[in-house]
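A closer look at the structure
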Amino acid sequence: MSPLNGFVYLFSRVPSTPYLEPSLFPELAQIKAHWETIRAEAIALHETSKIRAAGEYNDIGFNSFFRRGWRRFYLKWYDRPHPSAVAQCPNTVSILQGIPTVKAAMFAMLPPDGVLTLHRDPYAGSLRYHLGLITPNDNKCAIIVDGERYSWRDGEEVVFDETYLHWAENKTDKDRIILFCDIERPMKYRWAQAFNHAVGGFLMRAATSPNEIGDRTGVLNRAFKYLYLIRLVGKRLKAWNRIAYYVVKWLLFGGIAVAIFWH
């Protein structure tokens, strides 16, 4: 993704820093203004155990997070809202649909002793927005972006660049639930914004994951259960012969790219 990210950073209208001031995104103020309405729908989902891990191998982007307790309920993902979200979170969906720069959104839960290991997202075309809904309000529950720590608080927001290395932990005895959004990065020129919009949507729609039957599943996640079996075979192949492993790996990546393009 480096060539695409280089383009995005070059023409970005906001600083390329780990954290950004929410005031740079005035359209997001209406999310914070309605945080209690959003929180009420998140509580209802939590109480009925709807914020949960994927039931099968159909969430390629966040699959490794589930092992440490992280849970999610998708509201939208670079497409129209999921039918399950419209039915169960109508107010939240309505608020988000009124903000075109919000490309993806979910409720994300990190339970007591939950940890998200060090990682970074591959594409710089979006920025990450978190709004605290149900949090421990404690410094021991935090995200660390490029070494700088931020602790969530109820009703408070933070924006950061997810291409910086980051990790999170909840070292309290309470659940942490936030609204998690991908915000389209503002670009200096209309043509650059149009390019970022088209490329981001094309790439990220392929990773759409469902909450329930009837929700859309992207092409990558439809293939993920098969890809996961291939990954297990790949580990054995790598242990036997690393050169053969990398040849097969890049042939598969090429095939996936062709499949996404024609989809």
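Residues numbered from 1 in each chain as written. Predicted model: local features only at pLDDT ≥ 70, side-chain atom pairs only at ≥ 80, totals over all residues. Heavy atoms only, no water.

A separate point is the nonpolar core. Counting 32 residues, the largest nonpolar core has Ile31, Leu75, Val102, Phe107, Leu133 and Leu179 as the members making the most contacts within it. The element contributing the most residues to this core is strand E5 (residues 126–134), with five residues. Listed in part, the 26 residues of the second largest apolar core include Phe62, Trp77, Val158 and Met204. (Core = buried A, V, L, I, M, F, W, Y, C linked by side-chain atoms within 4.5 Å. Buried < 20%, exposed > 50% of the residue type's maximum accessible area, 1.4 Å probe, protein only. Helix = DSSP H or I, 4+ residues; strand = E, 2+ residues; numbered from the N terminus.)

On to a nonpolar patch on the surface, then. A cluster of nonpolar side chains, namely Tyr246, Val248, Trp250, Leu252 and Phe253, defines an oily patch on the protein surface of about 470 Å² accessible area. Looking at where Val248 falls in the secondary structure, it is placed in helix H8 (residues 242–262). Overall, Val248 belongs to the partly exposed group, its relative accessible area being 38%. (Patch = residues over 30% accessible without salt bridge, like charges linked within 9 Å, V, L, I, M, F, W, Y side chains within 5 Å. Areas by Shrake-Rupley, 256 points an atom, 1.4 Å probe, with all protein chains shown as cover. Salt bridge = Lys/Arg side-chain N within 4 Å of Asp/Glu carboxyl O.)

If you trace the six strands from one edge of the open sheet to the other, you get E1-E8-E5-E10-E3-E2, paired in antiparallel fashion. Sheet topology places strand E1 (19–20) and strand E2 (71–77) at the edges, where each strand pairs with a single neighbour. Where E2 lies against strand E3 (residues 102–110), six bridges are found, and the strand directions are antiparallel. Each residue of the ladder has a partner; that of Tyr74, found in E3, is Met106. Contacts from helix H3 (residues 35–47) reach E2, E3, E5 and strand E10 (176–184) within the one sheet, and its direction differs from that of E5 by about 75°. Along the sheet face, helix H5 (residues 90–97) touches E2, E3 and E10 and points at about 50° away from the line of E2. (Pairing = 2+ DSSP bridges. Contact = heavy atoms within 4.5 Å. Axes fitted to C-alpha atoms, helices over the stretch in contact; angles between N-to-C directions.)

Our next topic: the domain arrangement of the protein. Partitioning the protein into structural domains gives domain 1 (3–206) and domain 2 (219–262). Here the C-alpha centre of domain 2 lies 28 Å away from the C-alpha centre of domain 1. (Domains from an automatic or database assignment.)

Across all of its chains, the model carries eight salt bridges by this definition. Here Arg128 and Glu162 are joined by a salt bridge, their closest N and O atoms 3.5 Å apart. Taken as a pair, Arg128 in strand E5 and Glu162 in the loop between strand E8 (157–160) and strand E9 (166–170) lie far apart in primary sequence, 34 residues in all. When its relative accessible area of 1% is taken as the criterion, Glu162 is described as buried. For Asp182, the salt bridge goes to Arg128, with nearest N and O atoms at 2.7 Å. Of this pair, Asp182 sits in strand E10 while Arg128 sits in strand E5, and the two are 54 residues apart along the sequence. According to the relative accessible area criterion, Asp182 is buried, its value standing at 2%.

What follows covers H5. Looking only at H5, the buried set comprises Thr92, Val93, Ile95 and Leu96. The arc that holds every buried residue of H5, seen down its axis, measures 160°, which confines them to one face. In the core, the buried residues of H5 are packed alongside helix H2 (29–33), H3, E2, helix H4 (83–88), E3 and E10. (Arc of directions from axis to C-beta.)

Moving on, we get to the packing of H3 against H5. Two elements in contact, H3 and H5, have axes whose closest approach is 8 Å; the angle formed by their N-to-C orientations is 135°. Relative to H5, H3 is oriented oblique. For the crossing formed where H3 meets H5, the hand is left-handed. Contact residues: H3 offers Thr37, Ile38 and Glu41, while H5 offers Pro90, Asn91, Thr92 and Ile95. Here the contact of H3 with H5 is built from residues that sort into three nonpolar, three polar and one charged. (Parallel < 35°, antiparallel > 145°, perpendicular 65-115°, else oblique. Left-handed = near helix turned anticlockwise from the far one by under 90°. Nonpolar A, V, L, I, M, F, W, Y, C, P; charged D, E, K, R; others polar.)

Where helix H1 (residues 2–11) meets helix H6 (residues 190–205), the axes come as close as 11 Å, and the angle between the chain directions of the two elements is 145°. Where H1 crosses over H6, the handedness of that crossing is left-handed. Where H1 abuts H6, its residues Leu4, Phe7, Val8 and Phe11 lie against Trp191, Ala192, Phe195, Asn196, Val199 and Leu203. Across the contact of H1 with H6, the residue classes tally to nine nonpolar, one polar and no charged.

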